[in-house]
Structures are given as C-alpha cells and as structure tokens.
Amino acid sequence: MEGGMDFSVNINSNSILIFFTAIIGGGIGGASASHFLTELLNGNLDIDLYEAKTIGGRLATVKIDNNEVEAGGAIIHPKNMYMQKFVKLLGLEHKLPNDEKNGIWNGDKFVYKDSSYYIVSLTKLLYRYGFQLFHLKWYINNIIDDFVKIYELQDAGKSFANVSALLSAMNEEFPKLLQISIKDQLLQAGFTTRLIDEMVQAAIVVNYGQETDIQSFVGLVALAGVGADLWSVKGGNKGVPEHLIYRNKNVNVIPSRVTKIRNVADKNAKQYEVTYINKDSTDPMTSDYDIVIIAAPLTSDHKFPIEFTEFPDNLAFPGAYQTTYATFVKADLNPQYFGLQEPLDGILSCDPNKTIISSVGEVSSVNGLSKTDSGVWKVFSRKPLETSLVHKMFSNIIEKKEIAWKAYPRYTTDVPLNNFKLHDALYHVNAIEWIASAMEISAMGGRNVAILAYNDFLQKYNYSLSIDIHTDATKKLFTADEL
C-alpha cells in the first residue's frame, strides 16, 4: 500500500476463501472501493459491479461538434493524492488548464474582472477586498493541512464508521463546521461581508450551485480551488474509474440496476441477496454475496431506489440532491448581454437569485486542444435555459446540448450524519458526500469502506494479520499489468 502498510493475510485453515462481493455503482467511489478491497484481500474475492447507466458515474464527457469536453466533475486539486496516484498507476496523463480571464458578475454588473496582467489583477483584487485575501488563503491552507492527514490515517489501516468520526480524525473541530454556515463561519473569523457575498459566494455557486448558507466544510472545499494549480485527466476524468474497474481482473461489470437487497437469515448462506434488472430485460434476477458495497446515492429523489428487506433496523436516508443543468453551446459569446466590451473566458455569478445562471465558461477538449480549437461554452444553471435566453447570450450557434445532473447533495447546516457501515457487511461509500462532494473525497470514501470491509472480514473469519510497515512512500498499490 502506497506510503503505508503491506497487508498479508494468513488463513488459519490453510485454505483460500473467495469472498463474493457486490459493488453497486461504477463511479469514482465504486471504482476506488473495488481497487482498494482487491488490494487488501490480495485478490481473494470476486466482485460483481452493478452499473445502471455508464461506468464513470458523474465523471462523464459530452461530444459537441466533434469536441469532447468534461460534462461532470472537471477539476482536480494538486493535493488530491489518490487522483494523482491513480493517474500515475494507470499510465494516464495530466491536462493543465489554459490561462483564463474570469469575472465575478452579480446579475447586473461585474464587481471584478481579471486583467491580462497578473499585477493589474492583484491590484484590482486588493483594491476591492483588501489584504483579507491573504488571510483567506492562509485560512484555507490551514484547513487543507489538516484535511490531508486522512492519507496517513488510511495508509495506517484506520477506518471510520461514520462521517463525523472521519472528520474528527483529521481535526476534532471539523465536525462543528457541519453545523454552521460558511457565511457565519467566515464572519466570525473576521472576514468582510463584501468578500463573502462576492468572491466566496461565486466559488460556491460555480462548484455546488448553492449559496453561502451551506455548511462550512463544503464551502471551504469550494474555496480550496481558488488560485490553486488545478488540473484534469487527459482524455477525460472518467478514464480513472474506467481503468480502475476494467483493468481489475477480479471485477465483473453487470450493466443492470439493483432494485432490492435482502438480508439472508440463514447464517450458513451468503449474507445478502441482491435483486437486479438487466438493461436488456424486464425480468428480475438475484445473486448472493458475502459483502455488499453501495457506491451510489440512496436519497429518495434518485431515479433508481433500492429496497432493503429483512434488516433488523429501518434503513432511511434523509436529504436530497441538488440538480444542476449543464448546457453546452458551440457558438460565439455575446459580450453585450453581460455588459462587456470584449469576452471573458469565465463568468462567475455571485447572485444567482438575479439570474438562473451559475457560471459561463469556455471549455477545451479533454484531448488537450486549446479553447480556440473548440469554441465550446459550458453554462451551469439551477434551471433549464430557455431557448430565447441562449440566443441572447450567444450568436452563431452551431449546436447545443443539455445535461441535468443530480450533481451533489443539497447542503444545509443540518447534515445527516450517515453511516458508512449500514449492517454487518453492508457499506455505503456515498455517506462521505455529506461532508463534501468531489472526486478525491469519493475516492477517500471508497478506501474507507474497503478498509472497514477488510477489518470486518478479518474479525468474522478469524484471520491473522501480519504487518510490514514501510516508512517510504514508494510501496506500490498495483501495477497496471497486475490489475
């Protein structure tokens, strides 16, 4: 295990047990869970991975006028170590962003616009927001320093039953951030209303389609990307879950939607019966498993609900997900609509109550072509864009496509502290999304569930564990050929 421990399992009975595992969901959470659990069990498992739509989940691309661009999760922070390691492991490449000029728009006017010259942009920022900008950067960096402690904890084999325990392990004060809005948190820290209502709100609107009444931790995650050297995966971020799943010889992908999970009372049988319907059939089928990992949202507002039967406790999943509309337009931006003399590369809304638009940005091809080669704009909004509005914002329209995402939880300061462990060997990766929703955080959730399942497996089957601690950070996860 990279930077951590080399787990070797000695089976007391001198026989090899194969554990039958179901993973429901083929996004980055399910992909990372399958990867880490395969590693921990030394390949002594068979995984059926159920995906109702497409492997990659909310990591997806869209093709518009022969340009393939990111449609879902688009950016990765330089300190996201799992995504960094996955890219290296799988032989993928980084794609760096183009230089961009952005502006913060309140629906009537621009309160700030980037210049082509860094020193001019910095001067304008300082004039409007003062030296609090440096304080905010310091404040965010302190949060990140505590956040990255999770890597060392997970390398050491630590797992957590719920999201509060995971946060507390990073910093015992972190759970309190779930109970106060980001606006109130920053006001208490001495930041001005102008900074919060403009710059902070713009970051939250573009990242989560919500406003500064969301809980503080997710608000700070949104701010962590401001000014960072963000990147993406060449060919599309979806390449990470695709390769993690399809290169793993222990994984069998089943293109089906799961409708029911039944707890089997017979202790001599496998513990869970999974009912599913194949994409090409209407007849339900069943399979039995020792371990079930759900790597998909379970709130009632999702398209494919799962029924849980014969469990001792009622499994309820409160909360709802925010719908974000991503509209892709091959066209020329009409700068006059926004009161601009010349186009910007990105327009960030800081008052979405005046307009349904959250952001407008010119995007480049996932294959590394520059924006001038693509000429494709992505508009995030909280409602569908009417055709008349699209024609006001753009001219010379060649093509338009819209995707509606249940993109991330609807965040409040009343966070449902969902458990990662739902039953004896039933786990939920997406419980971590109530902390914040991001590629790296889903990967952390996948690894946490893999460690939980592994530790339960050791206890249940009386296995002995021998540990060889590595102090360097060079121990491999798997090579691409071994997956």
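For the protein, an unreviewed UniProt entry supplies the name Prenylcysteine oxidase-like protein and the organism Ooceraea biroi. UniProt annotates the protein under Sequence similarities (unreviewed entry) with the comment "Belongs to the prenylcysteine oxidase family." Looking at the protein in UniProt, the text filed under Cofactor (unreviewed entry) is "FAD".

Draft legend 1. Examining the environment of Thr323 more closely. Here Thr323 lies in strand β16 (residues 321-333). For Thr323, a relative accessible area of 23% puts it in the partly exposed group. If sequence neighbours within four positions are ignored, Thr323 has contacts with Arg382, Ala404, Trp405 and Lys406. Of the polar contacts made by the side chain of Thr323, one reaches the side chain of Lys406; its length is 3.4 Å.

Draft legend 2. Spatial organisation of the pairing of β16. Most of β16 sits inside the fold, with eleven of its 13 residues counted as buried. Judged from the twelve bridges that link them, β16 and strand β20 (residues 394-409) form a sheet pairing that is antiparallel. Counted as the bridge partner of Ala326 is Ile403 from β20. Both β16 and strand β19 (residues 376-381) contribute to a ladder of six bridges, which runs antiparallel. Directly across from Ala326, in β19, lies its bridge partner Phe380.

Draft legend 3. Geometry of the sheet that holds β16. Spatially, seven strands are ordered β8-β7-β17-β18-β19-β16-β20 in an open sheet, and the strand pairing comes out mixed. A strand with exactly one partner marks an edge of an open sheet, and here the two such strands are β8 (110-113) and β20. On average, each strand axis in the sheet is inclined to that of its neighbour by 20 degrees, with strand direction left out of account. Taken strand by strand, helix α3 (residues 118-129) contacts β7 (102-105) and β8, and its axis lies near 145 degrees from that of β8. Contacts from helix α8 (residues 193-208) reach β7, β8, β16, β17 (346-349), β18 (357-363), β19 and β20 within the one sheet, and its direction differs from that of β17 by about 105 degrees.

Draft legend 4. Layout of the packing of α3 against helix α4 (residues 132-147). Two elements in contact, α3 and α4, have axes separated by 8 Å at closest approach and are oriented at 95 degrees. Classified by the angle their axes make, α3 and α4 are roughly perpendicular. Between α3 and α4, the contacting residues are Leu125, Leu126 and Tyr129 on the first element and Gln132, Leu133 and Phe134 on the second. Of the residues that constitute the contact of α3 with α4, the class distribution is five nonpolar, one polar and no charged.

How each quantity is defined
- Residues numbered from 1 in each chain as written.
- Predicted model: local features only at pLDDT ≥ 70, side-chain atom pairs only at ≥ 80, totals over all residues.
- Heavy atoms only, no water.
- UniProt positions renumbered as here; feature names shortened; annotations may be inferred.
- Helix = DSSP H or I, 4+ residues; strand = E, 2+ residues; numbered from the N terminus.
- Buried < 20%, exposed > 50% of the residue type's maximum accessible area, 1.4 Å probe, protein only.
- Contact = heavy atoms within 4.5 Å.
- Polar contact = N/O pair within 3.5 Å; in protein donor to acceptor, adjacent residues only side chain to side chain.
- Pairing = 2+ DSSP bridges.
- Axes fitted to C-alpha atoms, helices over the stretch in contact; angles between N-to-C directions.
- Parallel < 35°, antiparallel > 145°, perpendicular 65-115°, else oblique.
- Nonpolar A, V, L, I, M, F, W, Y, C, P; charged D, E, K, R; others polar.

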